[in-house]
Amino acid sequence: MMRTKLVAGNWKMHGSLAANLGLLHAVREGAGGGAEVALCVPYPYLAQAQAVLNGSHVAWGAQDVSEHEQGAWTGEVSAAMLADFACSYVLVGHSERRSFFGDTDAVVAAKFVAAQKAGLVPILCVGESLAEREAGITGDVVTRQIDAVLAKGGIAGFARAIVAYEPVWAIGTGRTASPEQAQEVHALIRSRFAREDADVAGGLRILYGGSVKAGNAAELFGRPDIDGGLIGGASLVADDFLAICAAAA
Ligand code: 13P
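Because the structure is a prediction, the values reported are computed rather than measured. (Residues numbered from 1 in each chain as written. Predicted model: local features only at pLDDT ≥ 70, side-chain atom pairs only at ≥ 80, totals over all residues. Heavy atoms only, no water.)

K.L.:
Honestly, the nonpolar core in this entry has me stumped. Any pointers?
P.N.:
In globular proteins that are soluble, nonpolar side chains generally tend to be buried together. Ranked by internal contacts, the top residues of the largest apolar core, which has 66 residues, are Leu39, Leu82, Phe158, Ile189, Phe193, Tyr208 and Phe221. Per-element tally for this core: the top contributor is helix H11 (residues 238–248), with six residues. Setting aside its immediate chain neighbours within four residues, Ile189 contacts Val126, Val142, Ile146, Val163, Tyr165 and Ile206. Core analysis: the second largest hydrophobic core is formed by 13 residues, Ala8, Ala59, Tyr89 and Leu91 among them. (Core = buried A, V, L, I, M, F, W, Y, C linked by side-chain atoms within 4.5 Å. Buried < 20%, exposed > 50% of the residue type's maximum accessible area, 1.4 Å probe, protein only. Helix = DSSP H or I, 4+ residues; strand = E, 2+ residues; numbered from the N terminus. Contact = heavy atoms within 4.5 Å.)

Laid out in C-alpha coordinates, this is it:
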(Lines give C-alpha, C1' and ligand atoms only; values in the text may rest on other atoms or scores of the structure.)
Protein backbone atom coordinates (compact mmCIF):
# COMPACT_ATOMS: atom_id res chain seq x y z
CA MET A 1 0.00 0.00 0.00
CA MET A 2 1.24 3.52 -0.82
CA ARG A 3 1.69 5.62 2.28
CA THR A 4 2.48 9.33 1.95
CA LYS A 5 5.46 10.13 4.11
CA LEU A 6 5.07 12.53 7.02
CA VAL A 7 7.82 14.62 8.57
CA ALA A 8 6.73 16.11 11.89
CA GLY A 9 8.84 18.55 13.87
CA ASN A 10 8.71 18.51 17.66
CA TRP A 11 10.03 21.79 18.98
CA LYS A 12 9.83 20.54 22.58
CA MET A 13 10.19 23.47 25.04
CA HIS A 14 11.98 25.82 22.66
CA GLY A 15 11.05 29.08 21.01
CA SER A 16 9.88 32.63 21.49
CA LEU A 17 7.39 34.69 19.50
CA ALA A 18 10.27 36.54 17.87
CA ALA A 19 12.40 33.49 17.09
CA ASN A 20 9.48 31.38 15.86
CA LEU A 21 8.43 33.86 13.21
CA GLY A 22 11.41 33.34 10.91
CA LEU A 23 11.36 29.58 11.39
CA LEU A 24 7.63 29.26 10.66
CA HIS A 25 7.88 31.41 7.53
CA ALA A 26 10.94 29.55 6.28
CA VAL A 27 9.24 26.18 6.71
CA ARG A 28 6.07 27.51 5.11
CA GLU A 29 7.99 28.76 2.06
CA GLY A 30 10.38 25.83 1.82
CA ALA A 31 8.14 22.81 2.31
CA GLY A 32 7.22 21.55 -1.12
CA GLY A 33 4.97 18.74 -2.19
CA GLY A 34 5.80 15.08 -1.91
CA ALA A 35 5.84 14.50 1.82
CA GLU A 36 3.41 15.90 4.37
CA VAL A 37 4.99 18.28 6.85
CA ALA A 38 3.81 19.27 10.33
CA LEU A 39 5.16 21.18 13.33
CA CYS A 40 4.27 20.34 16.93
CA VAL A 41 4.83 23.54 18.87
CA PRO A 42 4.45 24.56 22.54
CA TYR A 43 0.86 25.44 23.50
CA PRO A 44 1.36 29.23 23.71
CA TYR A 45 2.57 29.31 20.10
CA LEU A 46 -0.35 27.45 18.52
CA ALA A 47 -2.08 30.70 17.56
CA GLN A 48 1.12 31.95 15.95
CA ALA A 49 1.64 28.69 14.08
CA GLN A 50 -1.96 28.80 12.90
CA ALA A 51 -1.63 32.43 11.73
CA VAL A 52 1.54 31.77 9.73
CA LEU A 53 0.86 28.25 8.43
CA ASN A 54 -2.85 28.55 7.61
CA GLY A 55 -3.44 27.89 3.92
CA SER A 56 0.03 26.37 3.42
CA HIS A 57 1.29 22.80 2.91
CA VAL A 58 2.41 22.69 6.55
CA ALA A 59 0.12 21.41 9.31
CA TRP A 60 0.56 22.12 13.01
CA GLY A 61 -0.16 20.42 16.27
CA ALA A 62 0.64 20.14 19.97
CA GLN A 63 3.02 18.00 22.01
CA ASP A 64 0.59 16.70 24.60
CA VAL A 65 -3.10 16.82 25.54
CA SER A 66 -5.19 16.22 28.62
CA GLU A 67 -6.99 12.94 28.96
CA HIS A 68 -9.91 14.93 30.46
CA GLU A 69 -12.58 16.74 28.46
CA GLN A 70 -12.95 19.81 30.69
CA GLY A 71 -13.24 20.82 34.30
CA ALA A 72 -11.12 21.42 37.38
CA TRP A 73 -7.78 20.25 35.97
CA THR A 74 -5.52 23.25 36.56
CA GLY A 75 -2.76 23.57 34.02
CA GLU A 76 -4.19 21.04 31.58
CA VAL A 77 -5.14 21.68 27.94
CA SER A 78 -8.02 19.76 26.39
CA ALA A 79 -8.27 18.23 22.95
CA ALA A 80 -11.20 20.53 22.13
CA MET A 81 -8.96 23.53 22.88
CA LEU A 82 -6.36 22.19 20.46
CA ALA A 83 -9.10 21.71 17.87
CA ASP A 84 -10.05 25.37 18.42
CA PHE A 85 -6.63 26.27 17.05
CA ALA A 86 -7.13 23.95 14.07
CA CYS A 87 -4.44 21.52 15.16
CA SER A 88 -4.20 18.46 12.93
CA TYR A 89 -1.92 16.41 15.16
CA VAL A 90 -1.00 15.89 18.79
CA LEU A 91 1.81 13.80 20.23
CA VAL A 92 0.80 11.34 22.94
CA GLY A 93 3.17 9.24 25.00
CA HIS A 94 6.38 11.00 24.07
CA SER A 95 9.18 9.39 26.08
CA GLU A 96 9.82 12.65 27.93
CA ARG A 97 6.20 12.65 29.13
CA ARG A 98 6.43 8.98 30.06
CA SER A 99 9.78 9.35 31.90
CA PHE A 100 9.47 12.75 33.57
CA PHE A 101 5.74 13.43 33.94
CA GLY A 102 4.34 10.06 34.90
CA ASP A 103 2.39 9.28 31.74
CA THR A 104 1.63 5.59 32.17
CA ASP A 105 0.45 3.34 29.34
CA ALA A 106 -3.11 3.83 30.62
CA VAL A 107 -2.82 7.63 30.66
CA VAL A 108 -1.35 7.60 27.16
CA ALA A 109 -4.25 5.45 25.96
CA ALA A 110 -6.75 7.88 27.50
CA LYS A 111 -5.02 10.83 25.81
CA PHE A 112 -5.07 9.00 22.47
CA VAL A 113 -8.83 8.45 22.75
CA ALA A 114 -9.46 12.04 23.94
CA ALA A 115 -7.54 13.43 20.96
CA GLN A 116 -9.51 11.38 18.46
CA LYS A 117 -12.81 12.32 20.06
CA ALA A 118 -12.01 15.96 19.26
CA GLY A 119 -11.08 15.11 15.67
CA LEU A 120 -7.30 15.30 16.09
CA VAL A 121 -4.88 12.71 14.74
CA PRO A 122 -2.78 11.37 17.62
CA ILE A 123 0.86 10.52 17.02
CA LEU A 124 1.45 7.68 19.48
CA CYS A 125 5.10 7.57 20.53
CA VAL A 126 6.62 4.28 21.64
CA GLY A 127 10.15 3.11 22.28
CA GLU A 128 12.51 1.30 24.59
CA SER A 129 15.23 2.58 26.91
CA LEU A 130 18.86 1.59 26.49
CA ALA A 131 18.59 -0.87 29.38
CA GLU A 132 15.53 -2.46 27.78
CA ARG A 133 17.29 -2.79 24.42
CA GLU A 134 20.34 -4.32 26.07
CA ALA A 135 18.08 -6.74 27.95
CA GLY A 136 16.64 -7.85 24.61
CA ILE A 137 13.08 -6.76 25.42
CA THR A 138 12.57 -4.01 22.83
CA GLY A 139 9.73 -5.92 21.16
CA ASP A 140 8.01 -6.61 24.47
CA VAL A 141 8.17 -2.96 25.54
CA VAL A 142 6.86 -1.55 22.27
CA THR A 143 4.13 -4.19 22.09
CA ARG A 144 3.04 -3.43 25.67
CA GLN A 145 2.84 0.30 24.87
CA ILE A 146 0.73 -0.37 21.77
CA ASP A 147 -1.49 -2.98 23.40
CA ALA A 148 -2.56 -0.51 26.11
CA VAL A 149 -3.94 1.77 23.41
CA LEU A 150 -5.50 -1.10 21.45
CA ALA A 151 -7.24 -2.26 24.61
CA LYS A 152 -8.76 1.17 25.20
CA GLY A 153 -9.41 2.43 21.66
CA GLY A 154 -9.53 -0.68 19.50
CA ILE A 155 -7.89 -1.25 16.14
CA ALA A 156 -10.35 1.09 14.38
CA GLY A 157 -8.70 4.08 16.04
CA PHE A 158 -5.47 3.34 14.19
CA ALA A 159 -7.16 3.98 10.85
CA ARG A 160 -6.73 7.67 11.76
CA ALA A 161 -3.62 7.71 13.89
CA ILE A 162 0.13 7.68 13.47
CA VAL A 163 2.73 5.74 15.41
CA ALA A 164 6.23 7.06 16.07
CA TYR A 165 9.01 4.68 17.08
CA GLU A 166 11.47 6.66 19.19
CA PRO A 167 14.13 4.59 20.94
CA VAL A 168 14.85 6.57 24.12
CA TRP A 169 18.60 6.05 23.76
CA ALA A 170 18.54 7.80 20.38
CA ILE A 171 16.59 10.92 21.45
CA GLY A 172 18.77 14.01 21.59
CA THR A 173 21.89 11.89 21.92
CA GLY A 174 23.24 12.06 18.39
CA ARG A 175 23.07 8.27 18.45
CA THR A 176 20.61 7.19 15.74
CA ALA A 177 19.19 3.73 15.39
CA SER A 178 20.70 2.25 12.27
CA PRO A 179 18.24 1.92 9.37
CA GLU A 180 18.32 -1.86 9.97
CA GLN A 181 17.58 -1.52 13.68
CA ALA A 182 14.74 0.93 13.02
CA GLN A 183 13.26 -1.13 10.17
CA GLU A 184 13.27 -4.24 12.36
CA VAL A 185 11.16 -2.55 15.04
CA HIS A 186 8.90 -0.82 12.50
CA ALA A 187 8.16 -4.18 10.89
CA LEU A 188 7.41 -5.67 14.29
CA ILE A 189 5.03 -2.78 15.05
CA ARG A 190 3.22 -3.21 11.73
CA SER A 191 2.90 -6.95 12.23
CA ARG A 192 1.34 -6.33 15.67
CA PHE A 193 -1.39 -4.25 13.99
CA ALA A 194 -1.73 -6.73 11.13
CA ARG A 195 -2.78 -9.36 13.65
CA GLU A 196 -5.83 -7.15 14.31
CA ASP A 197 -6.55 -5.80 10.82
CA ALA A 198 -4.34 -6.14 7.74
CA ASP A 199 -5.83 -3.09 6.00
CA VAL A 200 -5.32 -0.80 8.97
CA ALA A 201 -1.78 -2.10 9.40
CA GLY A 202 -1.02 -1.58 5.72
CA GLY A 203 -2.20 2.02 5.78
CA LEU A 204 -0.65 2.96 9.13
CA ARG A 205 2.18 5.47 8.99
CA ILE A 206 5.02 4.62 11.35
CA LEU A 207 7.54 7.43 11.85
CA TYR A 208 11.06 7.07 13.17
CA GLY A 209 12.40 9.57 15.71
CA GLY A 210 15.74 9.90 17.45
CA SER A 211 18.61 12.05 16.16
CA VAL A 212 17.27 12.24 12.60
CA LYS A 213 19.45 14.68 10.65
CA ALA A 214 19.72 15.77 7.04
CA GLY A 215 22.61 13.34 6.63
CA ASN A 216 20.83 10.16 7.79
CA ALA A 217 17.20 10.88 6.84
CA ALA A 218 17.18 9.50 3.30
CA GLU A 219 18.65 6.18 4.33
CA LEU A 220 16.12 5.77 7.15
CA PHE A 221 13.15 6.86 5.01
CA GLY A 222 14.20 4.42 2.29
CA ARG A 223 13.30 1.39 4.43
CA PRO A 224 9.96 -0.24 3.61
CA ASP A 225 8.25 0.32 6.96
CA ILE A 226 9.65 3.77 7.80
CA ASP A 227 7.03 6.29 6.70
CA GLY A 228 8.73 9.49 7.76
CA GLY A 229 10.22 11.04 10.85
CA LEU A 230 9.56 12.79 14.12
CA ILE A 231 12.26 15.41 14.38
CA GLY A 232 13.42 17.12 17.56
CA GLY A 233 16.60 19.19 17.49
CA ALA A 234 16.83 19.46 13.71
CA SER A 235 13.30 20.92 13.52
CA LEU A 236 14.60 24.11 15.17
CA VAL A 237 16.83 24.98 12.21
CA ALA A 238 14.87 25.69 9.03
CA ASP A 239 17.52 24.51 6.58
CA ASP A 240 18.10 21.25 8.48
CA PHE A 241 14.39 20.54 8.82
CA LEU A 242 13.68 21.34 5.17
CA ALA A 243 16.52 19.06 4.06
CA ILE A 244 14.88 16.24 6.05
CA CYS A 245 11.52 17.05 4.43
CA ALA A 246 13.19 16.93 1.02
CA ALA A 247 14.69 13.52 1.86
CA ALA A 248 11.16 12.24 2.49
CA ALA A 249 9.68 13.66 -0.72
P1 13P B 1 15.91 14.49 18.48
O2 13P B 1 15.60 14.57 17.00
O3 13P B 1 16.39 15.81 19.02
O4 13P B 1 16.74 13.33 18.82
O5 13P B 1 14.49 14.29 19.22
C6 13P B 1 13.66 13.25 18.80
C7 13P B 1 12.35 13.42 19.45
O8 13P B 1 12.19 13.17 20.64
C9 13P B 1 11.24 13.91 18.64
O10 13P B 1 10.04 13.77 19.31
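There is more to say after this.
K.L.:
Help me understand the site of the ligand, please; the structure alone is not making it clear to me.
P.N.:
As a matter of local geometry, the ligand sits amid Asn10, Lys12, His94, Glu166, Ala170, Ile171, Gly172, Gly210, Ser211, Leu230, Gly232 and Gly233. One nitrogen or oxygen atom from the side chain of Lys12 is found 2.9 Å from an oxygen atom belonging to the ligand. Here an oxygen atom of the ligand and a side-chain polar atom of His94 are 2.8 Å apart. Starting from 310 Å² of accessible surface for the ligand in isolation, the protein chains cover 96%. Here the shell around the ligand is composed, by residue class, of three nonpolar, seven polar and two charged. (Near = heavy atom within 4 Å. Polar contact = N/O pair within 3.5 Å; in protein donor to acceptor, adjacent residues only side chain to side chain. Areas by Shrake-Rupley, 256 points an atom, 1.4 Å probe, with all protein chains shown as cover. Nonpolar A, V, L, I, M, F, W, Y, C, P; charged D, E, K, R; others polar.)

K.L.:
Explanation requested: the pattern of salt bridges in the structure shown.
P.N.:
Note on pairing: side chains with opposite charge can pair once their charged atoms come close. Under the counting rule described, the total for this entry stands at 17 salt bridges. Asp105 is paired through a salt bridge with Arg98; the nearest N and O atoms lie 2.9 Å apart. For the pair shown, Asp105 and Arg98 are each scored as buried. Its salt-bridge partner being Arg190, residue Asp227 comes within 2.8 Å of it at the nearest N-O pair. You can see Asp227 sitting in the loop between helix H10 (214–221) and strand E8 (228–231) and its partner Arg190 sitting in helix H8 (residues 179–194), a full 37 residues away along the chain. In this pair, the class of Asp227 matches that of Arg190, namely buried. (Salt bridge = Lys/Arg side-chain N within 4 Å of Asp/Glu carboxyl O.)

K.L.:
I would appreciate a short explanation of unusual backbone geometry in the present structure.
P.N.:
Backbone geometry follows two general trends: most residues other than glycine have a negative phi, and most peptide bonds adopt the trans configuration. Positive phi is not limited to glycine here, since Ala86 has a value of about 60 degrees. In this fold, Ala86 is placed in the loop between helix H3 (79–84) and strand E4 (89–92). Ala86 gets classed as partly exposed once you look at its relative accessible area, which sits at 34%. Unusually for a residue other than glycine, Ser211 sits at a positive phi of about 55 degrees. You can see Ser211 is positioned in the loop between strand E7 (205–209) and H10. Classification of Ser211 by relative accessible area gives buried; the value is 10%.

K.L.:
Where do I start with the layout of surface pockets in this structure?
P.N.:
To find the voids left in a structure, one rolls a probe of water-molecule size over its atoms. Computed from the structure, the largest pocket encloses a volume of approximately 340 Å³. In terms of lining residues, the largest pocket is bounded by 13 residues, among which Lys12, Met13, Gln63, Asp64 and Arg97 are the most central. (1 Å grid on protein atoms, 1.4 Å probe; cavity = no way out; pocket = protein on both sides within 12 Å on 5 of 7 lines; lining within 4 Å. Points joined across faces, edges and corners; volume = space filled by probe spheres on them.)

K.L.:
What's the story with the packing of aromatic side chains in this structure? I'm lost.
P.N.:
The way to describe two aromatic rings as a pair is by their centre distance and the angle between their planes. Summed over the entire model, instances satisfying the criterion amount to three aromatic pairs. A cation sits over an aromatic face here: Arg97 above Phe101, 3.9 Å from the ring centre. (Phe/Tyr/Trp six-rings, centres within 6.5 Å; stacked < 30°, edge-to-face > 60°. Lys NZ or Arg CZ within 6 Å of the ring centre and 35° of its normal.)

K.L.:
What exactly am I supposed to notice about the sheet that holds E4 here?
P.N.:
Ordered by their spatial adjacency, eight strands build a closed barrel running E1-E2-E3-E4-E5-E6-E7-E8, and the pairing between neighbours is parallel. Direction aside, neighbouring strands of the sheet carry axes that sit 25 degrees apart on average. Pairing geometry for E4 and strand E5 (residues 121–126), over four bridges, is parallel. Bridging from a neighbouring strand, Val90 pairs with Pro122 of E5. Packed on one face of the sheet, helix H7 (residues 138–153) meets E5 and strand E6 (162–165) and runs near 150 degrees to E5. (Pairing = 2+ DSSP bridges. Axes fitted to C-alpha atoms, helices over the stretch in contact; angles between N-to-C directions.)

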